[in-house]
Amino acid sequence: MQALYHEVSPATGVEHAFWCYFTTSKYKQLVTIGANQITVYRVVKKKYSLFGDVEEEKEKLLFISQFTLFGRVMSACVVNRPDCKRDALLLTFEPAKAVIVEYNFSTCDLRPLQMMDYDDALTTDCFTISPLIPEARIDPEMRCAVYLAHSTKLLVVPLRKDSLEDISRTKLETFSIDLHKLDESVANVLDMQFLHGYFEPTLLILYQPIQTFSGRLAMRKDTVSMVTISMNIIQRSFPIIWSQSGLPFDCFKAIPIPKPIGGVLIVGANCLIFFNQSIPAFGVSLNSICASATDFPLKSFDEQKIALDCSRHCLIDSDKLAFCLKGGEIYVITLLADEMNMVKGFDFQKSAASVLTCCICTIDNDLIFLGSRLGNSLLLKYFDNQVNGKSPGQEADAEPPQKKKRLNTAADWIDAAEDDDLEIFGSARVSKCTSELKSFSFEVCDSLMQAGPISKLSISETLSTSEELQSDEIDAQLVAACGHAKNGAVSIFQRTVKPEIISTFDSLRGYNDLFTVGVLEDENGFINHGYMFLSKDDKTTVLETGQEFNQLSDKSEFEFKESTVLASSLTNHNILQVTSNAIIILEKEKRISYYPLSLGSPVVWASLCDPYILLVTSTGEASVGTLVENRFKLLVSNYEQQQGKVVGGSLYKDISGIFSTNPSVVEDDKRGHVEPNIKEAVVEEDTLIDDDELLYSDKIEPSIFKTPKISTSASGEHSSSESSVLTLEINSPSFWLFLARESGSIEIRALPSMKIAYYIKDFCLCESVYNESNVFVKSEADTPKESNYPIYEILVRALGPAMCKPYIFSIIDDELVIYEVLPAIVPQHDGFLQIRLVKYHHEVILQQWLAERKPKRRVTRLDTSVDNNDSFVQMILAKKPARLRPFTNINTYSGGFLRFHYLWVDGAIHSFAPFNNMNCPSGFLYFNKNDDLRVAALSKQIGYETSLLSRKVSLRATVAFIVYHLKTKNFAIVLSSKEPVNRVPKVVDEKVCSELLEKEENYIFPNWDKFSLQIASPLTFEMVHTEQVEIEDWEHVTSCKSVQLVDVEQKSGLQEYVAVGTSTVYGEEMMVKGKLLLYDISEIVPETDQPAKKFKYKLVCDAEAKGPITAINSVEGYMVSAHGQKIFIHTFQNQSFVPCAFIDANLFTLSILTLKSFVLTVDVSKSITIHRFDPRTKGFYVVSRDIRHVDSMAANFLVDNTALGFIVSDDVCNLTLLTHQPELKESQGGQRLVRRGDFNTGSRINHFVSMKGSHAYLTTDDVKKMQLAKRKHTSYFGTLDGAVGYVVPIQEKLFRRLNLLQSYMVSHLQHSAGLNPKAFRKPKCRFTAISNSAKPLIDGDLIFRFLHLSHAQRAELSRKILIEPATIINDLIEIHHSTMHF
């Protein structure tokens, strides 16, 4: 057995965020990094909505591009390069790799500038995975960067290189520093930061030479130290210039403070300390815990009760920091400094409560971005109000000095210098404070949906699907428990669009196309579609759409006797009808003008962009006309036939300003060259400079590491005050004509001049990037040849707010190819458009049915007796009606029909049109595979912007477990909420009681988990229970399952229950106990005021256990549960459990899975074990086990017809495929499971669910294939980073074919950032492995990129592996269709 791994939705969590010039030098972008995804956004201001409704102007995030790396980014920082206006990124990867990347205009991908690898440092300690994250830090002056390779190995990367290096003949190469040699006490590095305002790069290292923890503070505390080193990169000398020891043990972070204050802020969980060289330290305690946790001199701050552990920060000013705490609260901390820039106090202001944050990034002057992997990332705008010197609504001197309140103003913080006892709250002079206190408020501008971390998955039926769409297969949806604490939520995922069917008409069959046109209905200008055109080959039917569909009689002046090629509404609300031989303009049903067409052959294709219209005849001749004042005028007829016949075309109205022939729009990212002043860096011999001044003064100009100053007017440097938040505005419109010819070329012409503006000769080859136009030469001697990859359709459409992102949609050889139009990077020919085309990667596959696929070229000649060229063109044009359909206002979305998601459930769609009606607002019409006309609308509860159709329902608590109850079609949900606890359990007279703890007011008590069991509706996820089941205090829910049990006394057959396993933990002195709870969900009569709450839990059984219940499930009608280190089989009898079999388990059983009589147990450190239970003899025995010591996280069965495999995920992101093959020698007679595949996913997988193979893509004639598809199970998983994917078994023959292709794609293709997919997917282990890894699984993320390659690249790879490209594409299509379950 072999398998394929593929992610259908990438990771959505955000762990790093930066505001920099990355993909362009014209404006800054927001770069977010999460797992292996790098996403670039542009911050824009939206002035208006698409449909004319006035909106408040707000900042929004506009997607620019996304890059998928073959490596998980552990840390990152921005690198400003002196030779380029754009910034680069320094990325680090486990175990000790780093790479500096930039955006490459030529390939529109990430290009590595420098790669570093320090993995050899790990082998000396027998480690293969570093216990520390390789954190990267960069000098503020961009002179060098460092990252911690392993424990005390610091890797230094010099960045600044110019002509002074050649003079000094010094090679600035990457080198390492052993921190032990600098100071023997350096160990357990907590943080490191470069400081501001030093002549040479100065690095502060925060470390803990001797570790301790809160339970050992009585013996050892104040164990944190810091050391500051000055780094001379040229001479490689690193003297220690500043050190400090005896810091509180909970210090974990250092924040460098910029000038004019300077210094560093040391952040602890319970304290905040400011340090600056040669200046006394100043620190405050944030709660009463510091009184007993440290002897470091701290000022008490009784008014605050906060903890800064797990907090994130950003600088919003030189003396103000925004902190987001672990609970989501946002505090603004101001450093109160005197005239000498000595910090004498802190001001804390709670401004807002937000998402649980992983990173914070400052955007311009009034925006911050909160990135999260636990909830939705937010773009916030903050407002400040000055409150210095006075309390709001009250004078500062309103009371006598001895009774003055603490106002938290600068005057209250800064005391007189001559005062012996410096009080933290005094009445000093305000003039001595240079800091300005402000109050801040925040508002949400935009958000990014986050689906992770996915802790549990469940499969349920889609109850909202209309009855007309029900099929033989279960209409399923994937439900995930995600988020944490107040960001806890439930996410529902779907891979296909499941519309709400409003009506179906089966009496309108035989039509091959349909159109809808609008009429002005009211004074507000809201347009409804008043007419629907249904077209056949020889006639047209027009329906009036109102409350009902009524067919118009011959009295109306529409054209009924000819086929309608196009029907659309004009800007003046008149109706345009284009038939095969005429153009008709009407005002409602009254004909205004009629223009017969004499083009030599009937019109089969038309495109409208008012006032221009494009007509294409059946012989491949194109004509362009205008519609002005309800009059049609033919501009060009049978245009440029010597260049080849036209097989498709599109008109486009550009308001984005990208379509321009002005060379000034060309992207230029090179800085002007500046010769450095060599004399400036030379110090004369007779000049005496103090050593401290030389090292730390700002007056002396830096050496070669000083960034050269370039005139902003000459080189176009970025101004510090320049805002990168752009307001979207509509530019003056320009009109363009796109023509696709039989030779596979496309040309762009300006209207109305018809002048050639861009030309791509081999557009049909689908190259990744077209950076420049080909030279357009008119030659009548060269006869155009038809392309091997014909262009069937082309559509140009602008998406995004203000239509700012133009796209070219095309169908080439039955494949959807999409290009994004971007500004050019090289000047084009005179008069040509300054644009480039970048291929947009997607996984849309047009071939839906296997019967439509052919093993070789899918385009053949229809009739060899006719002229070849005419037959070829007629065959392409016979593919009409168009499959690419633009639409507007479908559930507030606009775009092309084949934009992102499939409408799979109703088969192949023959025609499509938007439809806005009083009975179907913002809906659409389509003909399905049975020629039934559907009136449908999209669900407003589903989001369509992400890779998967998704809906997120916030529950404001951690979802510990989610189980689908099939009998009542509801969800049983276990919620966990954090509550502070001020009690300690104690045993008195064999009874457990609580002792109340009395602490100070600003003491922070720990939190405990309070569990509850609830019932949720699958439609709205509202709670439908009469009352929730509260779990007792100190009791934790460790497992929850929907089980099928048989009561042997009642003999009623299998009954479905909800089983809950708990563990009660009172502390170290009392033994852990557990309970096995069994609930039945019953339906009751609801109350009148709460009709939705009609279900309740009924406790069926409450069985106590001597140990914790860690996992439960059912097998053959019996209950199987893990009690500590034993696994029991229970018989359900008289509403109680009777043990009938048991077996010894390993250390700690995480989960139990069952399949027929097989029982799979997952251990926390002993991988998996396969058991079997015989209900006749009550025998329970071990079948086989995995002997590896693996810290497992999840496992599942993998079924492939008669073969059975097992997949296991562990804590280092490995995925292992195991099989039970007793005939093999390495299995030792079946006692050991055999490894068949090893794979590294890059993200931790916490749960699997299985689904039967999909067979909807098969026809009823393929009975054998349908049976095989039903017997193949697909395992879906969710990762802690928010990714969703699947593992599907494949046949050995297919595995060998794809494995051969995979090996060549690894070595012959360029990969983002120069990262090797083979090295990324190699399994990892914490220590040196004593056995070789097995064959890798097929990397579906890499294999499916074959669909994105150009035809030339496909042919080259196919030639190397001796396999036809069509065969590979057919394999990928079959895998794709067989996994389309939901």
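Scroll up a little and you will see the structure.
What this report covers is the structure whose coordinates are included nearby. (Residues numbered from 1 in each chain as written. Predicted model: local features only at pLDDT ≥ 70, side-chain atom pairs only at ≥ 80, totals over all residues. Heavy atoms only, no water.)

### Quick word on the pattern of salt bridges
Enumeration over the complete set of coordinates arrives at 40 salt bridges. Residue Glu-102 pairs with Arg-111 through a salt bridge whose shortest N-O separation is 2.0 Å. Looking at Glu-102, the relative accessible area reads 3%, which means it is buried. Residue Arg-111 is classed as partly exposed on the basis of its relative accessible area, which comes to 35%. Across the salt bridge formed by Asp-1033 and Arg-983, the nearest N and O atoms sit 3.4 Å from each other. Note that Asp-1033 is positioned in the loop between strand S67 (1029-1030) and strand S68 (1035-1046) and Arg-983 in strand S64 (residues 983-988), a separation of 50 residues in sequence. Among the charged side chains, a network of salt bridges with common partners joins Glu-15, Arg-72, Arg-373 and Asp-1281. (Salt bridge = Lys/Arg side-chain N within 4 Å of Asp/Glu carboxyl O. Buried < 20%, exposed > 50% of the residue type's maximum accessible area, 1.4 Å probe, protein only. Helix = DSSP H or I, 4+ residues; strand = E, 2+ residues; numbered from the N terminus.)

### Examining the sheet that holds strand S75 (residues 1136-1144)
Pairing in this open sheet of four strands is antiparallel, and the strands run S72-S73-S74-S75 from one edge to the other. The open sheet has two edge strands, strand S72 (1109-1115) and S75, and neither has a second partner. Each strand of the sheet is rotated relative to its neighbour by a mean of 25°, with strand direction disregarded. Relative to strand S73 (residues 1118-1123), S72 is paired through six bridges, and the arrangement is antiparallel. When the bridges of S73 are listed, Ile-1112 appears paired with Ser-1121. (Pairing = 2+ DSSP bridges. Axes fitted to C-alpha atoms, helices over the stretch in contact; angles between N-to-C directions.)

### Re the sheet that holds strand S66 (residues 1007-1016)
Pairing is antiparallel in the open sheet, where four strands are placed in the order S62-S63-S66-S67. Each having just a single partner strand, strand S62 (958-965) and S67 make up the two edges of the open sheet. Sheet topology note: the S66/S67 ladder contains two bridges and is antiparallel. Of the residues in S67, the one forming a bridge with Ser-1012 is Glu-1030.

### So, the packing of helix H10 (residues 1292-1308) against helix H14 (residues 1365-1378)
Contact geometry of H10 with H14 gives a least axis separation of 11 Å together with a crossing angle of 115°. Like other packed secondary-structure pairs, H10 and H14 cross with a definite hand, here left-handed. Judged by residue contacts, Leu-1294, Arg-1297, Leu-1298 and Leu-1301 of H10 engage Thr-1367, Ile-1368, Asp-1371 and Ile-1375 from H14. For the contact of H10 with H14, a count of residues per class yields five nonpolar, one polar and two charged. (Left-handed = near helix turned anticlockwise from the far one by under 90°. Contact = heavy atoms within 4.5 Å. Nonpolar A, V, L, I, M, F, W, Y, C, P; charged D, E, K, R; others polar.)

### Brief notes about helix H13 (residues 1351-1361)
An α-helix turns once per 3.6 residues; consequently, residues spaced three or four apart project the same way. When we look at burial in H13, the residues that qualify are His-1351, Arg-1354, Leu-1357, Ser-1358 and Ile-1361. The arc enclosing the buried residues of H13, seen along the axis, measures out at 130°, which places them on a common side. Buried residues along H13 sit against strand S54 (815-823), H10 and H14. Count one or two residues on from H13 and you reach Leu-1362, which has phi positive near 60°. (Arc of directions from axis to C-beta.)

### Here we look at the environment of Thr-504
For Thr-504, the location among the structural elements is in strand S33 (residues 500-505). In this structure the side chain of Thr-504 is engaged in a polar contact, spanning 2.9 Å, whose partner is the side chain of Arg-934. (Polar contact = N/O pair within 3.5 Å; in protein donor to acceptor, adjacent residues only side chain to side chain.)

### What to know about the nonpolar core
In terms of nonpolar packing, the biggest core is built from 83 residues, with Phe-22, Leu-69, Leu-91, Phe-493 and Phe-1346 touching the most fellow members. It is H10 that provides the largest number of residues to this core, a total of six residues. Setting aside anything within four residues of it in sequence, one finds Phe-1346 in contact with Leu-1301, Met-1305, Arg-1354, Leu-1357, Ser-1358, Pro-1365, Ile-1368, Ile-1369 and Leu-1372. Judged by nonpolar contacts, the second largest core, of 31 residues, contains Val-647, Ile-760, Cys-764 and Leu-837. (Core = buried A, V, L, I, M, F, W, Y, C linked by side-chain atoms within 4.5 Å.)

### Considerations on the environment of Ala-136
With respect to the helices and strands, Ala-136 occurs in strand S10 (residues 136-138). Once the C-alpha coordinates of Ala-136 and Leu-148 are considered, the two residues, 12 residues apart in sequence, prove to be 6.9 Å apart. With residues up to four places along the chain from it excluded, the contact list for Ala-136 reads Ser-75, Cys-77, Leu-90, Thr-92, Val-146 and Tyr-147.

### Re the packing of aromatic side chains
Applying the stated criterion across every chain yields a total of 41 aromatic pairs. An aromatic cluster is defined as three or more aromatic residues linked by ring pairs; in this entry it consists of Tyr-5, Phe-1239, Phe-1248 and Phe-1277. The side chain of Arg-42 reaches across the aromatic face of Tyr-27, ending 4.4 Å from its centre. Sitting over the ring of Tyr-1003, Lys-999 keeps its end group 5.2 Å from the ring centre. (Phe/Tyr/Trp six-rings, centres within 6.5 Å; stacked < 30°, edge-to-face > 60°. Lys NZ or Arg CZ within 6 Å of the ring centre and 35° of its normal.)

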